[in-house]
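Okay, here's what each chain looks like letter by letter:
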Amino acid sequence: MAITAEQIRILSNYARMAITVVMGLWLVRIFTGISQDVFTVVALVATSTGMAGMLKEMVRGTMVPELGLALHGKSEVEFEEVFSSAFFLSFVAALFSVAVLSVVLFFLDRFSIPADLFAAAVTLVLTRMASTFVAVLVAPATNLLPVTGNNGLHNIYQTLERLGELCAALAAVSLASGAGAIVEIFAWLSFAAIIAVNMAWAWHGVRISRQKWPRPTMVSLPEVWKMAATVGWNGFVVLAFNFYMRFDLLFVSWYFGLAGAFAFAIASQLLNYMRQLTIGLVQGMDAAIARQVAVERVVTPKTRKFIATTGTMQALVILSAAGFLAVNASAVMALWLGPGFVAGSATASQMVMLFLVMIPGMVARGLSEGWMKVLSGIGEVRAYGPLLLIGSLFNPLAVYALSKWLPADISYLGVAIAFSALMIVSHAVALPLKTSRTLKVPLSELLRPFARPALLAIAATAVSWLVHRYLPWHSAIELLLSAAIFAVAMGIPFARALLRMGRQEKEN
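### Some words on the packing of helix α14 (residues 395–405) against helix α15 (residues 414–439)
At a minimum axis distance of 8 Å, the contact between α14 and α15 shows a crossing angle of 140 degrees. Considering the angle they form, α14 stands oblique to α15. Between α14 and α15 lies a crossing whose hand is right-handed. Contacts between α14 and α15 involve N395, A398, V399, L402 and S403 on the former and, on the latter, G414, V415, I417, A418, F419 and L422. Among the residues forming the contact of α14 with α15, the class breakdown is 8 nonpolar, 3 polar and no charged.

Structure below.
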């Protein structure tokens, strides 16, 4: 049986995700192996520069549906107009990213960065400023790959971008001995790698789509304003999520110091890896939806089947990841961090507790990813963007209040409690209600795909917990057995859903 485009998208997403997660875990191990301060400083700078990097997510969320609708539903001249206008808007966004990072650079001395690492942190911010500018600027060209259905190639370039950072870290450790020097070399080498990958990525996107490079004369101001409005709506979505993780790490660093920031950074990093399981499914889904509705501009019954099948697969992966990590959080962190994780220590206990309290919030976010991609694909980001932003705006107040009110020995959990509570309200309550109204489908239809995966996840988690609790085996064996339990319980239904998606695509 021939593999379909949607199956290629999902399988290549997961191949890329598996490789990049391994590389990400390796990066963390490299930096924590140097010192906790080095890892925390790199994480803090990455969080700060990531605020500008959010622009890339905002631009992508706009460009993929717009370029997809133009390419599949309009003439060649109209597409060229949209493409050129997209580049103009990306140039403005890239300049704005530089402005944002200039503010970060100005206030960098307000963070608890050790003196021997401060100059290296400055270099890291400056190089990330330049690489972010380039990445945002060429986003319309790089996003032509998923728009044209070349998701496999798109994933290869994303993997190469991450590989460049890993190679830069390994080279830096080999070439230097002092912590500051290692971070400096890492900054410059990763900068060169990111620039090279993005330029090749952009060239390949234009070449494979057989489109012309943008021309200033083809820029349409009405089109620019239209896309700018969509970027604004996407901005609400991107800012909403980043307002949790990025703000929370900065708050923890300020309120609890570098030790608290280290514990939160590790917990949130592991949560993000858990979320990648859902991202592997839904990345490119907006482009697929845009192709499906480019002509009719409505969500058809066939598209609703596609949404339901994707929802089942989402629930299977995010709930199995949540169950597995809830049972094995301590063992996973010990295996991941090695000497950086001292079982029974205060920092290790904080890492595990922060992670466990934040799992429900990340599950709520993961289950809602598909709905957001569908709404984005049909050009309805405005239907849910403000809703999510409003929820996230309560985060700073909730984090500060809980950190103050909770007993001193558990005050560090304030940030985790706020995260889960607000995520559940925004993504598990408000968002499905809004999606139901916007798509004009019953709420029960949106939620039904989650029912069976939830039961399977509960059963697998219970069995895994019993194994962990009553069988006195080595932690590595426990992890393997637990993984096998979830693979059997969730993997078989996932494979069936993937095959069903292929059949649905052929029927279309």
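### Some remarks on helix α12 (residues 346–377)
Spanning 32 residues, α12 covers 45 Å between terminal C-alpha atoms, matching the ideal 46 Å at 1.5 Å per step. Its maximal kink placed at I359, α12 deviates by approximately 40 degrees, while the proline P360 follows within four residues. Among the residues trailing α12, G379 stands out with phi positive, at a value near 75 degrees.

### Brief notes about the environment of N395
Among the structural elements, N395 can be located in helix α14. Of the residues examined, N395 reaches a relative accessible area of 0% and is grouped as buried. Through-space distance from the C-alpha of N395 to that of F419 is 7.1 Å; in sequence the pair is 24 residues apart.

### Focus on the side chain of T142
Mapped onto the elements, T142 comes out in helix α5 (residues 139–142). Accessibility expressed as a relative area gives 4% for T142, which makes it buried. A distance of 3.0 Å separates a polar side-chain atom of T142 from the backbone oxygen of A139. In this structure T142 touches H154, N198, W201 and A202, once residues within four positions along its chain are discounted.

### Focus: the packing of aromatic side chains
If you walk through the whole model with that rule in mind, you get 5 aromatic pairs. Measuring from centroid to centroid gives 5.2 Å for F31 and F186, while their planes differ by 80 degrees, and the two rings are edge-to-face. Here F186 lies in helix α8 (residues 179–209) and F31 lies in helix α1 (residues 5–34), a separation of 155 residues in the sequence. Residue classification places F31 among the buried residues on the basis of a relative accessible area of 5%. Residue classification places F186 among the buried residues on the basis of a relative accessible area of 3%. Measuring from centroid to centroid gives 5.8 Å for Y157 and W201, while their planes differ by 10 degrees, and the two rings are stacked. Of this pair, Y157 sits in helix α7 (residues 151–175) while W201 sits in helix α8, and the two are 44 residues apart along the sequence.

### Concerning the nonpolar core
With 114 residues, the main nonpolar core has M274, L354 and F355 as its most contacted residues. Contact partners of F355, with chain neighbours within four places excluded, come to A267, L270, L271, L325, A329 and M333. Among the nonpolar cores identified, the runner-up in size contains 11 residues, and L67, V82, F83 and A202 belong to it.

### Things to note about the packing of helix α13 (residues 385–393) against α15
Relative orientation and spacing of two packed helices are given, respectively, by the angle between their axes and the distance between those axes. Between α13 and α15, the least distance of the axes is 10 Å, while the angle of their chain directions is 160 degrees. Of the possible angle classes, the one that applies to α13 and α15 is roughly antiparallel. Viewed along their axes, α13 and α15 form a crossing whose handedness is right-handed. For the pair formed by α13 and α15, the contact residues are L387, L388 and G391 on the first element and L422, S426, H427, A430, L431 and K434 on the second. Taken together, the residues of the contact of α13 with α15 break down into 5 nonpolar, 3 polar and 1 charged.

### Concerning the confidence of the model for the protein chain
Taken as a whole, the protein chain shows an average pLDDT of 80; of its residues, 83% reach a score of 70 or greater. For the protein chain, per-element mean pLDDT is lowest for helix α10 (residues 285–293), which scores 65, and highest for helix α16 (residues 443–447), which scores 91.

### Observations regarding the environment of N143
Relative to the assigned elements, N143 resides in the loop between α5 and α6 (144–147). Remark: the alpha-carbon pair of N143 and G205, spanning 62 residues in sequence, is separated by 7.0 Å.

### Considering the pattern of salt bridges
Opposite charge on two side chains lets them pair, provided their charged atoms get close. What the rule picks out here adds up to 5 salt bridges. The partner of E165 in a salt bridge is R128, with the nearest N and O atoms 2.8 Å apart. You can see E165 sitting in helix α7 and its partner R128 sitting in helix α4 (residues 115–137), a full 37 residues away along the chain. By the burial criterion, E165 is buried, and R128 matches it. Its salt-bridge partner being E369, residue R365 comes within 3.0 Å of it at the nearest N-O pair. In this pair, R365 and E369 both sit in helix α12, 4 residues apart, roughly one turn of the helix.

### Observations regarding unusual backbone geometry
You will see that K440, though not glycine, has its phi angle at about 60 degrees, which is positive. Looking at the element boundaries, K440 is found in the loop between α15 and α16. We classify K440 as exposed; its relative accessible area is 69%.

So, how was this worked out
All chains use their own residue numbering, which begins from 1 and follows the written sequence. Two thresholds apply to this predicted model, a pLDDT of at least 70 for residue-level local features and 80 or more for giving and counting side-chain atom pairs, whereas whole-chain, interface and lining totals are computed over all residues. To get the side-chain values, all heavy atoms of the structure are used, and hydrogens and water are removed first. Here an angle of 0 to 180 degrees is reported between the N-to-C directions of two axes, which are lines fitted to C-alpha atoms, with helices fitted over the stretch in contact. The secondary structure listing takes helices from DSSP runs of H or I that are at least 4 residues long and strands from runs of E that are at least 2 residues long, numbered from the N terminus. Any angle that falls under 35 degrees is termed roughly parallel, while one over 145 is termed roughly antiparallel, one within 65 to 115 roughly perpendicular, and all others oblique. Should the near helix be turned anticlockwise from the far one by less than a right angle, the crossing is termed left-handed; should it be turned clockwise, right-handed. Only heavy atoms matter for contacts: two residues are in contact if any of them lie within 4.5 Å across the pair. As a working rule, the residues Ala, Val, Leu, Ile, Met, Phe, Trp, Tyr, Cys and Pro are called nonpolar, Asp, Glu, Lys and Arg charged, and the rest polar, with Gly in that last group. Given a helix with a known number of residues, its expected span is that number minus one, times 1.5 Å. What is called the bend at a residue is the angle between a pair of axes, fitted to the seven residues leading up to and ending at it and to the seven starting from it. Classification of residues uses two cut-offs on accessible area relative to the type maximum, computed with a 1.4 Å probe and protein chains only: under 20% is buried, over 50% is exposed, and between them is partly exposed. Any N or O atom pair separated by 3.5 Å or less is treated as a polar contact, with the protein-specific requirement of one donor-capable and one acceptor-capable atom, and with residues adjacent in sequence counted only for side-chain atom pairs. Stacked, tilted and edge-to-face pairs are distinguished by plane angle, under 30 degrees for stacked and over 60 for edge-to-face with tilted covering the rest, among Phe, Tyr and Trp rings (Trp via its six-membered ring) whose centres lie within 6.5 Å. Buried residues of nine kinds, namely Ala, Val, Leu, Ile, Met, Phe, Trp, Tyr and Cys, make up a nonpolar core once their side-chain atoms join them within 4.5 Å. Every residue gets a pLDDT, meaning the predictor's confidence in that residue, from 0 to 100. One side-chain nitrogen of Lys or Arg within 4 Å of one carboxyl oxygen of Asp or Glu is enough to make a salt bridge.

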